Protein chains: 2
Amino acid sequence: MAPSFVTNGDVAAVKTTPFAGRLASVYSEVQTSRIDHALPVPSVLRSPFKIVDGPASSAAGNPDEIAKLFPNLFGQPSSMLVPNGVDNIGSDQKLKIGVVLSGGQAPGGHNVISGIFGSTLYGFKGGPAGIMKGKYVELTADYIYPYRNQGGFDMICSGRDKIETPEQFKQAEETAAKLDLDGLVVIGGDDSNTNACLLAENFRSKNLKTRVIGCPKTIDGDLKCKEVPTSFGFDTACKIYAEMIGNVMIDARSTGKYYHFVRLMGRAASHITLECALQTHPNITIIGEEVAAKKLTLKNVTDYMVDVICKRAELGYNYGVILIPEGLIDFIPEVQQLIAELNEILAHDVVDENGLWKKKLTDQSLKLFEFLPQAIQEQLMLERDPHGNVQVAKIETEKMLIQMVETELEKRKQEGSYKANFKGQSHFFGYEGRCGLPTNFDASYCYALGYGAGALLHSGKTGLISSVGNLCAPVEEWTVGGTALTSMMDVERRHGKFKPVIKKAMVELDGAPFKKFASLREEWASKNCYISPGPIQFVGPASNAVNHTLLLELGAQA
Amino acid sequence: MAPSFVTNGDVAAVKTTPFAGRLASVYSEVQTSRIDHALPVPSVLRSPFKIVDGPASSAAGNPDEIAKLFPNLFGQPSSMLVPNGVDNIGSDQKLKIGVVLSGGQAPGGHNVISGIFGSTLYGFKGGPAGIMKGKYVELTADYIYPYRNQGGFDMICSGRDKIETPEQFKQAEETAAKLDLDGLVVIGGDDSNTNACLLAENFRSKNLKTRVIGCPKTIDGDLKCKEVPTSFGFDTACKIYAEMIGNVMIDARSTGKYYHFVRLMGRAASHITLECALQTHPNITIIGEEVAAKKLTLKNVTDYMVDVICKRAELGYNYGVILIPEGLIDFIPEVQQLIAELNEILAHDVVDENGLWKKKLTDQSLKLFEFLPQAIQEQLMLERDPHGNVQVAKIETEKMLIQMVETELEKRKQEGSYKANFKGQSHFFGYEGRCGLPTNFDASYCYALGYGAGALLHSGKTGLISSVGNLCAPVEEWTVGGTALTSMMDVERRHGKFKPVIKKAMVELDGAPFKKFASLREEWASKNCYISPGPIQFVGPASNAVNHTLLLELGAQA
């Protein structure tokens, strides 16, 4: 039977939604079908369950300091939901719960919210600022419905504010009291979950009834630990980027004349780049953590690329695909040094046009600065973020590397060791991956995270992060529980004080994903082993694929 | 039932292919599933058919000149395959057929080749140069199999050479004779099909048996006429870009602080931009043909954008999505003039560093040149393509417009008519759309085009372009035939001689797609009517969607 070709998104198939949240929107056929996609649920959530606590926990580092910072919460056990409990903790008990999205978008956030069950639910608008200002909306089933399995954070939007000062904590207390909140679910990254724990500690210290549960969100994949195997959004974002990389690879092989330099989002850690490499098999992949560990210079990185390009030229391949993590230049010690010096100068000095300010740079940094292409020099001088840091996303590392590779290849051409013609094409894949429709994996994972967060609140827990495990098994077999946020913490000294932090989980060079990559990259460099994952499917082949990072990490643990 | 999560592209699911063509490759699960996807075929091709000729044809313009240029082919009727013919023309007859891919990649090219049936098939490698140099490979069923429904042109690769000089025609004749070719299928855009027709005329004039059939290929969508409703690849490329645009829209709405300027591939015509606009409903869309028709200046375009941005700021929306066709600056008369002058200067003069060459510009062009941001000035001075033209794909129009919008908004801020903060984010979606896995539509369309080309060759036709029609109906009901290439031609005067050309089909301002867009764009500008089409699906909802351009154009015809 031939399929019948019908319209997508046109008059017949699209209805203007009557929904509260996305009033002015219309939905595509795929979006509409996703709303009604039935989400599988871990079997432990389907019948009465009880919560079982584990042993007392410690901290990721400096437990004494963490104990001082969290006197009420430190040492809390992690919790696990187990079936067939007799004391089924009040899934019929109605709680008042607030929820907030914090930081950058990640596919699946809406499903976490849909998963929080059986309660009066308030959504704080625009991130933590919504808590402080008391800006919220009541999230009824009707309100939530059109956002089921949809990308983005636009149901209640997000923000990057933090609840930090005593006054801000006071504002949060007032909002919690005014809404008579039994609980608050904070959906965010490492910083936001640290903040969630401080809020939980604060509420507990004042004997307020409001409990706080975190949920692990970030496409960067750098918020994870043994009990929290991945952060949501990572799966979808990597698969969107891998689709594009796979297409570019086929283009490279078909055209036979371009090197595509692809910069991938993921500020601090290179998990996204590593996962995309495992999905697509590029010729060259730079992992920031390796660059840092080996103390490589920009020249080393350039030479590595040029060596591969020359070798490929000998094999007759004058094309290729190169993956570069967004944060690469942050990982290069000499660049870090330069940026630190520039940050100082920009914070305190007038940057004069005749370049006198450059005299404040150390010799090594000045040399590096002058070695960089002009466009990059300009980008390094751009405005800082609110924390005074270079906005790495604005630095076009991929273009910088193309220029540096060009220069080096020209040299080798003159020496006679390179005879081909090099043409670089630059790409940055970032924003298009943060708000895609969540994969089946992220959709189910987020729903379970939200459901779990609700269950933890119902059982009176606070200061935990919702933890869903056994993720390579079918959804029914997933485990659901909560991990003590203090157990993930260490301290950093800032302005003479200890500050609690959840350390970002960086790519581990002795971890299974990196080791697999390292064992294959030489073959990928000289041969063309490109894989094109294709667009994310919601039905049929590959629609329930687990990403490589999870498979390899959980496999190594097992 | 919860889905079982299994690996995609990892050890278990991926096999190293034993196939001839993609030896070193491995396939993703989606790629593998696409190889075995059963292609529906128009019912006319399923049972015995005969070919019926229509009335004599003319030309798109200057028929007298076309008649002189194609004395053997001019006036040929178009042909249509009809069922139930008694004189079934030799589908069991074995012919020797060559096939060549010409120009840029478009998803579906491999399926055209798979569609050419029941013959000894030779694939010329690297485009028309393969014909001239006699570089070819025999395309057996085993060789073709792994490329079924796959993106890219890597089965035999493509090239941009033309068969133009008497010597080159001679080389083509020699190759045709050596391989004893009954036919040649040329898969390409407007230029390549013009070339195919010249080759057909040449072979016919010399009484050679080799016949030539063209196939309409280009993601740009600018090779079409009444009988050839679309070129293949347009559907897939637009859907890939629309997926990304839809994601960026959700990101814009979630973040609430960025204007995303998205430049879309499609050099001459703005069909891709228009189709993507119809699929996604951006706030601002620039259509090059409208800019040209209304003789707009860069300032006009900037002001239009700024007006919308200011109006949206009043409504509380400090974000948005703006689509810009790659060829925009080519459409602006004042920029065309500047580029023409620069082309002249670069072709004949030394561009001195102290800028004396600028004196050769007219006043108006100099003023415009100095008005442009420096990065754009530099890009306008970059190396030319082999035809001496600016490489438009290298000009970052989206960044130029961001800078110009910034400047104008700053002015309005000082005047008090704009109070918000503007942040622009630039994107270029190009290469990632040319080599994606073809949509079900393009897969079926290409297979039918190839099948039709084979049928036309079997029936002794030459100088036709394979034409598949009724494309909004189910595949069974599609029509298959051939259109006289000379009927699509006009002449252009170049170097004092008439040259035949198939005129690019530009966006028609009184055509149904543009009119629909124009009737809605004001609403899209001030409201947020974003649609997120999501990733291309091969199974289930939207997997057989017809694009808007086809629906509207065929609907208007009906």
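Residues numbered from 1 in each chain as written. Chains lettered and ligands numbered in written order. Predicted model: local features only at pLDDT ≥ 70, side-chain atom pairs only at ≥ 80, totals over all residues. Heavy atoms only, no water.

So, the overall build of chain A
Put simply, the rule is: A run of H or I in DSSP becomes a helix once it reaches four residues, and a run of E becomes a strand once it reaches two; helices and strands are each numbered from the N terminus. Based on C-alpha atoms, the radius of gyration is set beside the globule rule, defined as 2.2 Å times the residue count to the power 0.38. Only protein chains enter the accessibility calculation, which uses a 1.4 Å probe; a residue is then buried when its area is under 20% of its type maximum, exposed when over 50%, and partly exposed in between. We call two residues contacting when some pair of their heavy atoms lies within 4.5 Å. What sets the accessible areas is the Shrake-Rupley method with a 1.4 Å probe; for residues, cover comes only from the shown protein chains. Under the convention used here, Asp and Glu are negative, Lys and Arg are positive, and both His and the chain ends fall outside the count. Where a charge lies is defined by one atom per residue type: Lys uses NZ, Arg uses CZ, Asp uses CG and Glu uses CD.
Within chain A, the secondary structure is distributed over 20 helices and 18 strands. In terms of overall dimensions, chain A is globule-like: its C-alpha atoms have a radius of gyration of 25 Å, near the 24 Å expected for 558 residues. By its C-alpha atoms, chain A is 80 × 70 × 50 Å across when sized along the principal axes. Out of the 558 residues belonging to chain A, those deemed buried represent 63%. For chain A, long-range pairs separated by at least 24 residues make up 77% of all intrachain contacts whose partners lie at least 6 apart in sequence. Counting every atom, chain A has about 20,600 Å² of accessible surface; 51% of that belongs to carbon and sulfur. Taking the average place of the 57 positive charges on the side chains of chain A and the average place of its 63 negative ones, the gap between the two points comes to 1 Å.

Some points on a positive patch on the surface
To keep it simple, the criterion reads: Patch construction takes residues with relative accessible area above 30% that form no salt bridge. Like charges are linked within 9 Å, and nonpolar side chains (Val, Leu, Ile, Met, Phe, Trp, Tyr) are linked within 5 Å. Here, a salt bridge means any Lys or Arg side-chain nitrogen found within 4 Å of an Asp or Glu carboxyl oxygen.
A cluster of like positive charges, contributed by Arg160 and Lys394 of chain A together with Lys257 and Lys423 of chain B, occupies part of the molecular surface. Since its relative accessible area comes to 33%, Lys257 of chain B is described here as partly exposed.

Here's the deal with the UniProt feature "site: Important for catalytic activity" (unreviewed entry) in chain A
Residues and elements named next belong to chain A. Note the following rule: UniProt positions are given in the numbering used here, feature names are shortened, and annotations may be inferred rather than shown by experiment.
Using the residue numbers shown here, the UniProt feature "site: Important for catalytic activity" (unreviewed entry) corresponds to Lys217. In this structure, Lys217 sits in the loop between strand S9 (211-216) and helix H8 (234-255). Excluding anything up to four places from it in sequence, Lys217 contacts Ser102, Gly103, Gly104, Ala106, Phe153, Ile187, Gly188, Gly189, Leu223, Ser231 and Phe232.

With respect to the side chain of Asn528 of chain A
All names here are of chain A. Here is the rule we go by: Side-chain atoms alone can form a polar contact between residues adjacent in sequence; in general such a contact is a pair of N or O atoms within 3.5 Å, and within protein one must be able to donate a hydrogen while the other accepts it.
Mapped onto the fold, Asn528 is located in the loop between helix H19 (512-526) and strand S18 (545-546). Among the polar contacts made by the side chain of Asn528, one reaches the side chain of Arg312 at a distance of 2.7 Å. Side chain to side chain, Asn528 and Tyr319 meet in a polar contact 2.9 Å long.

Description of the interface of chain B and chain A
Often, the extent of an interface is quoted as the loss of accessible area upon association of its parts. Defined as follows: Reported buried area values correspond to the accessible surface (1.4 Å probe) lost by two parts on association, with both partners' losses combined. Note on residue categories: nonpolar means Ala, Val, Leu, Ile, Met, Phe, Trp, Tyr, Cys or Pro, charged means Asp, Glu, Lys or Arg, and polar means any other residue, Gly included.
With 83 residues of chain B in contact, the opposing surface of chain A contributes 82 residues. Between chain B and chain A the total buried area reaches about 6,800 Å² when both faces are included, carbon and sulfur atoms providing 56% of it. Between the two partners, chain B and chain A, sit 28 residue pairs in polar contact (both at pLDDT 80 or more). Broken down by secondary-structure element, the contributors of at least two residues to the side of chain B that touches chain A are strand S1 (6-7), helix H1 (29-35), helix H8 (234-255), strand S13 (424-429), helix H17 (431-434), helix H18 (440-458), strand S18 (545-546) and helix H20 (548-557) of chain B. Ranked by residues supplied to the side of chain B that touches chain A, first place goes to H8 of chain B with ten residues. Counted by class, the side of chain B that touches chain A contains 42 nonpolar, 28 polar and 13 charged residues.

Here we look at the relation of the copies chain B and chain A
Put simply, the rule is: What sets the superposition is a least-squares fit of C-alpha atoms, and only residues with pLDDT of at least 70 in both copies go into it.
For these two chains of identical sequence, chain B goes onto chain A by a turn of 180° and a shift of 0.0 Å along the axis, with RMSD 0.1 Å. The symmetry that links the two subunits is that of a two-fold axis. A high fraction, 99%, of the interface residues of chain B reappear at the interface in chain A, so the copies pair face to face through one surface.

Focus on unusual backbone geometry
For Asn62 of chain A, which is not glycine, the phi torsion reads 50° and is therefore positive. Tracing the sequence through the fold places Asn62 of chain A in the loop between strand S2 (49-53) and helix H2 (63-69). Unusually for a residue other than glycine, Asn470 of chain B sits at a positive phi of about 60°. Turning to its location among the elements, Asn470 of chain B is positioned in the loop between strand S14 (464-469) and strand S15 (479-484). Assessed through its relative accessible area of 40%, Asn470 of chain B is described here as partly exposed.

Structural notes on the packing of aromatic side chains
All names here are of chain A. Selection criterion: A pair of aromatic rings is counted whenever rings of Phe, Tyr or Trp (Trp by its six-membered ring) have centres within 6.5 Å, and the orientation is called stacked for planes under 30 degrees apart, edge-to-face for over 60 and tilted otherwise. The rule for a charge over a ring is simple: NZ of Lys or CZ of Arg within 6 Å of the ring centre, and within 35 degrees of the ring normal.
For the coordinates displayed, the defined rule picks out 28 aromatic pairs over all chains. Between the aromatic rings of Trp357 and Phe369, the centroid separation amounts to 5.6 Å while the plane-to-plane angle is 85°, which identifies the pairing as edge-to-face. With Trp357 in the loop between helix H13 (333-348) and helix H14 (363-371) and Phe369 in helix H14, this pair connects stretches of sequence that are twelve residues apart. Ring-pair connections join several aromatic residues into one group, and the members of that group are Tyr122, Phe124 and Tyr136. When the ring centre of Tyr319 is taken as reference, the NZ or CZ atom of Arg312 above it lies at 5.4 Å. Here Arg493 stacks its cationic end above the ring of Phe498, 4.7 Å away from the centre of that ring.

Observations concerning the sheet that holds strand S11 (residues 284-285) of chain A
All names here are of chain A. Which entries qualify depends on this criterion: Any two strands between which DSSP finds at least two bridges are classified as paired.
The sheet built from four strands is open, its strands ordered S11-S12-S10-S13 with parallel pairing. With partners counted over all chains shown, the strands left at the sheet margins are S11 and strand S13 (424-429), one partner each. Pairing between S11 and strand S12 (residues 320-325): two bridges, direction parallel. Bridging across to S12, Thr285 finds its partner in Leu323.

Section: the domain arrangement of chain A
All names here are of chain A. Note the threshold: Residue ranges assigned to the domains are those given by an automatic or database domain assignment.
Looking at chain A, the domain boundaries give domain 1 (37-233 + 436-502) and domain 2 (237-433 + 509-554). The distance between the C-alpha centroids of domain 1 and domain 2 comes to 34 Å. Across the boundary between the two partners, domain 1 contributes 17 residues, which contact 23 residues of domain 2. Carbon and sulfur atoms supply 63% of the area that domain 1 and domain 2 bury against each other, a total of about 1,600 Å² over both sides.

Considerations on the layout of surface pockets
All names here are of chain A. Rules: Both site types are read off a 1 Å grid over the protein atoms alone. A 1.4 Å probe that fits but cannot get out defines a cavity, while an open set with protein on both sides within 12 Å along at least five of seven lines defines a pocket; lining residues have an atom within 4 Å of a point. Grid points are joined across faces, edges and corners, and a volume is the space filled by probe spheres set on the points.
Taken as a whole, the second largest pocket holds about 610 Å³ of empty space. Listed by contribution, the elements that provide at least two residues to the lining of the second largest pocket are helix H9 (271-280), H19 and helix H20 (548-557). The greatest single-element share of the lining of the second largest pocket, amounting to five residues, is contributed by H20. Looking at the lining of the second largest pocket residue by residue, the class counts come to 16 nonpolar, four polar and nine charged. Taken domain by domain, the makeup of the lining of the second largest pocket includes at least three residues from each of domain 1 (37-233 + 436-502) and domain 2 (237-433 + 509-554).

Section: the state of the cysteines
Applied cut-off: Two cysteine sulfurs form a disulfide in these notes if their separation is within 2.5 Å.
For the structure shown, the criterion picks out zero disulfides over all chains. Of all cysteine sulfurs in the structure, the one in Cys197 of chain A sits closest to Cys225 of chain A, which takes part in no disulfide; the separation is 13 Å.

Structural notes on the pairing of strand S15 (residues 479-484) of chain A
Residues and elements named next belong to chain A. With respect to burial, S15 is a largely interior element, five of its six residues being buried. Of the strand pairs in this sheet, strand S3 (residues 79-83) and S15 are connected by two bridges, and their pairing is antiparallel. Residue pairing across strands places Met80 opposite Gly481, the latter belonging to S15. In the sheet, strand S14 (residues 464-469) pairs with S15 via six bridges, with the strands oriented antiparallel. Of the residues in S15, the one forming a bridge with Gly469 is Thr479.

Some thoughts on the packing of helix H11 (residues 298-314) of chain B against helix H19 (residues 512-526) of chain B
Residues and elements named next belong to chain B. Note the threshold: Under this scheme, a helix contributes an axis fitted over its contacting stretch, all axes are lines through C-alpha atoms, and angles between N-to-C directions fall in the 0 to 180 degree range. Oblique is the label for every angle not falling under 35 degrees (roughly parallel), over 145 degrees (roughly antiparallel), or within 65 to 115 degrees (roughly perpendicular).
Taken N-terminus to C-terminus, the directions of H11 and H19 make an angle of 50°; their axes are 9 Å apart at the nearest point. One finds that H11 runs oblique with respect to H19. Residue-level contacts link Tyr304, Val308, Lys311 and Arg312 of H11 to Arg521, Trp524, Ala525 and Ser526 of H19. Grouping the constituent residues of the contact of H11 with H19 by class yields four nonpolar, one polar and three charged.

A look at the environment of Ala269 of chain B
Residues and elements named next belong to chain B. Among the secondary structure elements, Ala269 is positioned in the loop between strand S10 (259-264) and helix H9 (271-280). Spatially, the C-alpha atoms of Ala269 and Glu508 are 10.0 Å apart, while their sequence positions differ by 239 residues. Once you skip the residues sitting within four places of it in the chain, Ala269 turns out to touch Asp222, Glu289, Phe331, Ala505 and Met506.

With respect to the confidence of the model for chain A
If pLDDT is low for a region, its predicted coordinates should not be looked at in detail. Note the following rule: Each residue carries a pLDDT value, the predictor's own confidence for that position, ranging from 0 to 100.
Per-residue pLDDT for chain A has a mean of 90; in total, 92% of the residues score no lower than 70. Confidence over residues 1-21 of chain A falls short of pLDDT 50; this stretch has 63 contacts with residues more than four positions distant or in other chains.

Describing the sheet that holds strand S11 (residues 284-285) of chain B
All names here are of chain B. Spatial ordering of the open sheet is given by S11-S12-S10-S13, a layout of four strands whose pairing is parallel. Looking at strand neighbours, the two that pair on one side only are S11 and S13, the edges of this open sheet. In the sheet, S10 pairs with strand S12 (residues 320-325) via six bridges, with the strands oriented parallel. Directly across from His260, in S12, lies its bridge partner Val321. Sheet strands touched by helix H16 (residues 397-415): S10, S12 and S13. Its angle to S13, the strand with the most contacts, is close to 160°.

Thoughts on H19 of chain A
All names here are of chain A. Counted only if it meets this: What is called the bend at a residue is the angle between a pair of axes, fitted to the seven residues leading up to and ending at it and to the seven starting from it.
Bending of H19 peaks at approximately 45° at the position of Leu520. Here H19 has its buried residues at Pro513, Phe514, Phe517, Arg521, Trp524, Ala525 and Ser526. Where the residues of H19 are buried, they touch H9, S11, helix H10 (288-293), helix H11 (298-314) and H20.

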